[in-house]
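What follows is each chain in one-letter form.
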Amino acid sequence: SSMATMHVALLPSSGMGHLTPFLRLAARLDACGYTVTFISILPTVSSSESSHQSRFFSTYPRIRCMEFHLLPFDPSTASSTDPFLLQFEAIRRSLHLLPPLLTSTLPSISALIIDISLTSSIVDVVANLPFSTYILFTSSASMLAFCAYFPIAAQSNTSNENSHLQVPGVPHIQNLHIPPPLLQPTNLFKTQFIENGLALVKTDGILLNTFDALEPDTLVEINKGAVVPALPPVVAVGPLEPCDFNFANEEELTFSWLNAKPAGSVVYVSFGSRTALSGDQIKQLAVGLKMCECRFLWVVKSTKVDKEDRVQLGELVGDEFLESVRERGLVVNGWVEQCGVLGHPAVGGFVSHCGWNSLTEAAWHGVPVLAWPQGGDQRINAGVVEKSGFGIWERKWDWCGDQAQLVMGSEIAKRVHELMSDQGIRAQATRIREEARRAVAVGGSSANSLVKVMEALKS
Ligand code: BUP
């Protein structure tokens, strides 16, 4: 079909970390002139997911919305308490309802782009349908390599913390860097993870929100077949640029506070949309930010899902603390427009949980990162920060969780100070920013790769 009628459908999964890159890719494809259908899964887990989607559809009126209503789901039939993981399962169990929706749209669909968490359930459902199936992998190339390799490694399981997993092209992965649920004998996450890893070979290709200059060796090894033979083409199309939602107007307080601060003087602290630190760790972080004597903007989260009742800020960090850092620090309990913050000239460092979107946004804006991974893929992503040199990673700091060892305020202060004063890291972050922008500009590696994928669909 001609470009004007080429039609791409996108199926994201739950959580802002998964939704965000799908919205960005949809906006990119729309800008290239393709017909785009965005499948909106209802109901969502968090209110940020629903508010972002409604804003998205009003900002991009050409993009079509296909509502996909989930079947009723009884969480007690799945072995997990994580609301986002339970939603993965709920979506997986409803996917057999999707083909009639997909085949009845006009112009007919040329490609379906799916989330990794749904892969093993969807590949068989769409196997005989007349379109290609691509994954948009929402994490790093390192994590993709791990995801492809883990099902094989799991067969020769060793549970020693210090044992290494040598995935070709990826820095040594110790067992203690692996998402913790994968080290347990069995659980819902592990089952899904292994099934999805094995199903990668059944897709037509895998798109990555990364770029050649950020993870060069890993991309080469994957595409040489060194990680797993017979993987479909793995294509770096990132960093996917932030959508322009214009949230900033609503957050005048945050941005007018930033506007009054000197260039590069503020450290931004956030652990993403689904990580709640323990009360004690939040208090130590407060101590650290007070001690480090830098200006800071801190997004505090005490609940996993934003629909839950919020605790008052004073209760979390102490009224005394808020009073004592008034000029120097802004503490926000809720949501800030992170891309606006990272792109603000006052911001000179980012203490991050290393969610992949956060890292690609830091790269896009050239902001140095202090990596403090808290769970999931985040230690593997922290390895990318360290290897590419645009940040530092203190490997001794623990994951978040009930058993977690507290990182003390003095230790945090020391590292934040180092982050904000290291000129070498700052220069490298600036170089990464230039590479990122070059990759997606006309003729850049990621822009060219996406065009090639779309061209291949035509034949
Ligand atoms: Br919190 C927060 N504002 O206040 P990640 C997040 N974000 O814009 P996660 C805001 O949500 P997983 C806020 O810019 C990024 O695009 C942020 O994605 C945005 O981490 C996204 O960084 C968060 O991938 O998901 O949400 O923990 O780790 O599952 O990928």
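Residues numbered from 1 in each chain as written. Predicted model: local features only at pLDDT ≥ 70, side-chain atom pairs only at ≥ 80, totals over all residues. Heavy atoms only, no water.

### Regarding the sheet that holds strand S12 (residues 329–333)
To keep it simple, the criterion reads: Strand pairing follows a simple DSSP-based rule, namely that at least 2 bridges must link the two strands. Helix and strand definitions follow DSSP, with helices as H or I runs of at least four residues and strands as E runs of at least two, each counted in order from the N terminus. Lines are fitted to the C-alpha atoms to define the axes, a helix being fitted only along its stretch in contact, and any angle between axes, read from their N-to-C directions, falls within 0 to 180 degrees. Pairs of residues are marked as contacts when any of their non-hydrogen atoms sit within 4.5 Å.
Read from one edge of the open sheet, six strands run S12-S11-S10-S13-S14-S15, paired in parallel fashion. With partners counted over all chains shown, the strands left at the sheet margins are S12 and strand S15 (391–393), one partner each. The average angle at which neighbouring strand axes cross in this sheet is 15°, direction not considered. In this sheet, S15 lies alongside strand S14 (residues 369–371) in parallel orientation, the contact comprising three bridges. Paired with Leu370 across the two strands is Ile392, which belongs to S15. Sitting on the sheet, helix H10 (residues 279–291) touches strand S10 (266–270) and strand S11 (295–300), and the angle it makes with S11 is about 170°. Its contacts with the sheet place helix H16 (residues 409–421) against S10, strand S13 (347–352), S14 and S15, and it is angled at close to 140° to S13.

### Examining the site of the ligand
Defined as follows: Proximity is defined per residue: if any heavy atom of the residue lies within 4 Å of a molecule or strand, that residue is considered near it. By the criterion applied in these results, polar contacts are pairs of N or O atoms within 3.5 Å in which, for protein atoms, one can donate a hydrogen and the other can accept it, and in which residues neighboring in sequence qualify only through two side-chain atoms. All accessible areas in this document rest on Shrake-Rupley with a 1.4 Å probe, and a residue is counted as covered only by the protein chains that are shown. Three classes are used: nonpolar for Ala, Val, Leu, Ile, Met, Phe, Trp, Tyr, Cys and Pro, charged for Asp, Glu, Lys and Arg, and polar for all others, with Gly counted as polar.
Among the 18 residues in the neighbourhood of the ligand, the closest are listed as Ser273, Val336, His353, Ser358 and Glu361. Ser273 places a polar side-chain atom, nitrogen or oxygen, 2.3 Å from an oxygen atom of the ligand. Within the side chain of Ser358, an N or O atom sits 2.6 Å from an oxygen atom of the ligand. In isolation the ligand exposes 630 Å². Once the protein is present, 94% of that is buried. Among the secondary structure elements, those contributing two or more residues to the shell around the ligand are helix H1 (16–31) and helix H14 (356–365). A per-element tally of the shell around the ligand places H14 first, with four residues. The residue inventory of the shell around the ligand, partitioned by class, reads three nonpolar, 11 polar and four charged.

### Looking at the environment of Val36
Note on placement: Val36 falls in strand S2 (residues 35–42). Between the C-alpha atom of Val36 and that of Ile109, which follows or precedes it by 73 residues, the distance is 9.3 Å. Residues within four places of Val36 in sequence aside, it is in contact with His7, Val8, Leu10, Ala26, Leu29, Asp30, Arg62, Ile63 and Arg64.

### Thoughts on the pairing of S2
Operational definition: For each residue, the accessible area found with a 1.4 Å probe, counting protein chains only, is set against the maximum for its type, and the residue is called buried under 20%, exposed over 50%, and partly exposed in between. Handedness of a crossover is defined as follows: orient the strands so they point away from the viewer, and if the path from the first strand over the helix to the second runs clockwise, the crossover is right-handed.
A large share of S2 lies buried, amounting to seven of its eight residues. Of the pairings in the sheet, the one linking strand S1 (residues 7–11) to S2 comprises four bridges and is parallel in character. Its bridge partner lying in S2, Ala9 is registered against Thr37. At this point the chain moves from S1, through H1, to the parallel S2, and the crossover so formed is right-handed. The pairing of S2 with strand S3 (residues 64–69) spans six bridges and is classified as parallel. Counterpart to Ile41 in the pairing with S3 is Phe68. Taking the sense of rotation as the criterion, the β-α-β connection linking S2, helix H2 (residues 47–59) and S3 turns out right-handed.

### Examining the nonpolar core
For clarity, the cut-off: By nonpolar core we mean a set of buried residues, namely Ala, Val, Leu, Ile, Met, Phe, Trp, Tyr and Cys, connected to one another through side-chain atoms within 4.5 Å.
The biggest cluster of nonpolar side chains holds 50 residues, and the ones touching the most others in it are Leu11, Ile39, Leu102, Leu112, Phe137, Phe146 and Leu200. Considering each element in turn, this core owes the most residues, nine residues, to helix H6 (residues 141–155). Ignoring any residue separated from it by four or fewer positions in sequence, one finds Leu11 in contact with Phe22, Ile39, Ile41, Leu95, Leu98, Leu112, Ile113, Ile114, Asp115, Leu118 and Ile122. Counting 36 residues, the second-largest nonpolar core is a separate cluster that includes Tyr268, Phe350, Trp364 and Ala439.

### Considering the layout of surface pockets
What counts is decided by this rule: Cavity means a closed set of points on a 1 Å grid over the protein atoms alone, one where a 1.4 Å probe fits but cannot get out, pocket means an open set with protein on both sides within 12 Å along at least 5 of 7 lines, and lining means a residue has an atom within 4 Å of a point. Grid points are joined across faces, edges and corners, and a volume is the space filled by probe spheres set on the points.
Taken as a whole, the second largest pocket holds about 230 Å³ of empty space. Every residue lining the second largest pocket is counted, 16 residues in all, and those nearest its centre are Ala27, Arg28, Ala31, Cys32 and Glu241. Going through the elements one at a time, H1 and helix H18 (445–458) are the ones with two or more residues in the lining of the second largest pocket. Residues belonging to the lining of the second largest pocket are distributed by class as follows: 13 nonpolar, no polar and three charged.

### Description of the confidence of the model for the chain
Our working definition: By definition, pLDDT measures how confident the predictor is in each residue, and it falls between 0 and 100.
Per-residue confidence for the chain gives a mean pLDDT of 92, with 96% of residues at or over 70. Confidence metrics for the complex model read pTM 0.96 and ipTM 0.97.

### Considering H1
This is how it is decided: Multiply 1.5 Å by the residue count of a helix minus one, and that product is the helix's expected span.
Along its 16 residues, H1 runs 22 Å from first to last C-alpha, staying within 8% of the 22 Å computed at 1.5 Å per residue. Buried residues dominate H1, accounting for 14 of its 16 residues. Residue Gly33 follows H1 closely and has a positive phi angle near 95°.

### Notes on the state of the cysteines
Put simply, the rule reads: The term disulfide is used for any two cysteine sulfur atoms that are within 2.5 Å.
Under the definition given, this model contains zero disulfides. Free cysteine: Cys243, not disulfide-bonded; nearest cysteine sulfur from Cys339 at 9.0 Å.

### Let's talk about the packing of aromatic side chains
Which entries qualify depends on this criterion: When the centres of two rings from Phe, Tyr and Trp lie within 6.5 Å, Trp using its six-membered ring, the rings pair. Their planes under 30 degrees apart give stacked, over 60 give edge-to-face, and anything left gives tilted. Here, a charge over a ring means that NZ of Lys or CZ of Arg falls within 6 Å of the ring centre while also lying within 35 degrees of the ring normal.
Per the stated rule, a full pass over the model turns up 13 aromatic pairs. Each ring, one from Phe38 and one from Phe57, has its centre 6.1 Å from the other, and the planes form 70°; the classification is edge-to-face. Taken together, the positions of Phe38 in strand S2 and Phe57 in helix H2 put the pair 19 residues apart, joining distant regions of the chain. Since its relative accessible area comes to 18%, Phe57 is described here as buried. Both rings, one in Phe56 and one in Phe57, keep their centres 5.5 Å apart while their planes meet at 70°; by these two values the pair is edge-to-face. Looking at Phe56, the relative accessible area reads 0%, which means it is buried. An aromatic cluster is defined as three or more aromatic residues linked by ring pairs; in this entry it consists of Phe38, Phe56, Phe57 and Tyr60. Just above the ring of Trp364 sits the side chain of Arg437; from NZ or CZ to the centre is 4.1 Å.

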